[in-house]
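Chain residues, written in single-letter form:
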Amino acid sequence: MSAVKKIAVLTSGGDSQGMNAAVRAVVRGGLYRGLEVFAIQRGYQGLLNREIREMDLRSVGDIIQRGGTILQTARCKEFMTPEGQQKGADILREFGIDGLVVIGGDGSYQGALKLSKLGIKTMALPGTIDNDIPFTDYTIGFDTSVSIVVDAINKLRDTMTSHERASVVEVMGRHCGDIALHAGLASGAEAILVPEVPFDIKEIALHMKENFQNGKRHGIIVVAEGVCGGDEIARQITEHSGIEPRVTVLGHIQRGGSPTHNDRILASKLGDYAVQKLIEGDSGKALGIVKGEFQATDIETVCSTKKAFDIEMYELAKRLSQ
Ligand code: ADP
Ligand code: F6P
């Protein structure tokens, strides 16, 4: 006996590649199990505006390979208020919806938690490129984003090597250096600057100068935006070494494009798992996969825990970047 009959899905906050694959999995996983499934357009804003429509199998055809989110996303101030949250829960009840899957980052998770406390069964899926959500090894979109950065650095390396130049590449990650770390290691960057680990820019600059003098033909520094802007890092490198790095800010390019197979698979597994958890009657949970195993953790715990930084990977990148 299912604890829910009608469920809905929405995407919220910053988008990420693989959100569509997650929406598809929720819709088809729900329909397969005999539920009625609805989609809410434009996140919590769309909920408050009653932008709700019923989905069928074909509604999510031809989207697994697409970036962005067909449900679109929004940031909604009204939903931050208790009145907005109550209105959202009332609207869901008006449509007979008793379960909701929210795909987004930690801000969106808070909204899901509030709805859960108001009696709507909710599941939250990690849809963000930043990989800043604990209790899951990876977030949906992270793998694609890292691939984009690696591809960009490959290209930069070609022209930097031709000119024997240095390059500073600024990547996304307001509070989390995972994109910088993974892309930096995978692309053989000389230095990786992340908010989680202090660094000595003078030492990095002088080491880069020494490398050039000893025959190295390029120098690539990856900096997470949470540290500071790429321009500032370049300025400090010049100040300490005289080297004049070129700066590339990858920006929102990192959030677009077709998701990798890893993101599609992660999204498909988590979307289907969310439906299963709702049917079982669970609520207020953030879902993830850790070492291949599904995890359902209280949203409160997830939101009050900082994701551990992989310092061993950071040290590895340092060792190999000489
Ligand atoms: P992300 O989900 O990517 O972290 P935001 O932090 O912008 O993005 O959050 C997305 C939306 O989630 C917000 O615009 C707001 O509608 C909702 N939200 C964020 N924080 C809360 C909160 N504390 N309570 C209720 N809703 C929230
Ligand atoms: O999705 C997370 C993130 O990509 C951050 O790394 C970045 O700072 C932010 O979103 C920028 O998003 P927006 O321009 O939509 O505010």
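Okay, so let's go over this structure. Every value quoted in this text rests on a predicted model; they were computed, and no experiment measured them.

1. Structural notes on the site of ligand 2
Lining the immediate environment of ligand 2, one finds Arg 75, Ile 129, Asp 130, Met 172, Gly 173, Arg 174, Glu 225, His 252 and Arg 255. Arg 174 places a polar side-chain atom, nitrogen or oxygen, 3.2 Å from an oxygen atom of ligand 2. Here His 252 contributes a side-chain N or O atom positioned 2.8 Å from an oxygen atom of ligand 2. Burial of ligand 2 by the surrounding chains reaches 79%, relative to a free accessible area of 400 Å². Both domain 1 (6-141 + 259-303) and domain 2 (143-256) contribute no fewer than three residues apiece to the shell around ligand 2.

2. Here we look at helix α6 (residues 178-187)
The periodicity of an α-helix, 3.6 residues per turn, causes residues three or four positions apart to be oriented the same way. The element α6 is extensively covered by neighbouring structure, given that eight of its ten residues are classed as buried. By the burial criterion, the buried members of α6 are Asp 178, Ile 179, Ala 180, Leu 181, His 182, Ala 183, Gly 184 and Ser 187. Buried residues belonging to α6 abut α5 (142-163), β6 (166-171), β7 (191-193), β8 (219-224) and α11 (311-320). Just downstream of α6 lies Gly 188, where phi reads positive at about 70°.

3. Quick look at the pattern of salt bridges
Applying the stated criterion to the full structure yields 16 salt bridges. For Asp 90, the salt bridge goes to Arg 93, with nearest N and O atoms at 4.0 Å. In this pair, Asp 90 and Arg 93 both sit in helix α3 (residues 82-94), three residues apart, roughly one turn of the helix. Here Asp 90 falls in the partly exposed class, since its relative accessible area comes to 39%. Of the charged contacts in the structure, one is a salt bridge between Asp 298 and Lys 285, with a shortest N-O distance of 2.9 Å. Note that Asp 298 is positioned in strand β11 (residues 293-298) and Lys 285 in strand β10 (residues 285-290), a separation of 13 residues in sequence. Residue Asp 298 is classed as partly exposed on the basis of its relative accessible area of 35%. Each of the salt bridges in this network shares a partner with another, and the network as a whole consists of Lys 277, Glu 280, Asp 282, Lys 285 and Asp 298.

Here is what the cut-offs are and how they apply
Every chain is numbered independently, its residues counted from 1 as its sequence is written. Chain labels run from A onward and ligand labels from 1 onward, assigned in the order the entries are written. It should be noted that, the model being predicted, local features are given only for residues of pLDDT at least 70 and side-chain atom pairs only at 80 or more, the latter also being counted only at that level, while totals for whole chains, interfaces and linings use all residues. Here the side-chain values reflect all heavy atoms present in the structure, with hydrogen atoms and water set aside. Whether a residue is near a molecule or strand depends on its heavy atoms: if one lies within 4 Å, it is near. A 3.5 Å cut-off defines polar contacts: any pair of N or O atoms within that distance qualifies, except that in protein one atom must be a possible hydrogen donor and the other a possible acceptor, and neighbouring residues in sequence count only when both atoms are side-chain atoms. For every accessible area listed, the method is Shrake-Rupley and the probe measures 1.4 Å; residues are considered covered only by the protein chains on display. As annotated, the domain borders come from an automatic or database domain assignment. Remark: exposure states derive from per-residue accessible area (1.4 Å probe, protein chains only) relative to the maximum for the residue type, with buried under 20%, exposed over 50%, and partly exposed in between. For the purposes of this entry, the term helix denotes a DSSP run of H or I that reaches at least four residues, the term strand denotes a run of E that reaches at least two, and both are numbered from the N terminus. We call two residues contacting when some pair of their heavy atoms lies within 4.5 Å. Note on definitions: salt bridges are taken to be side-chain nitrogens of Lys or Arg within 4 Å of carboxyl oxygens of Asp or Glu.

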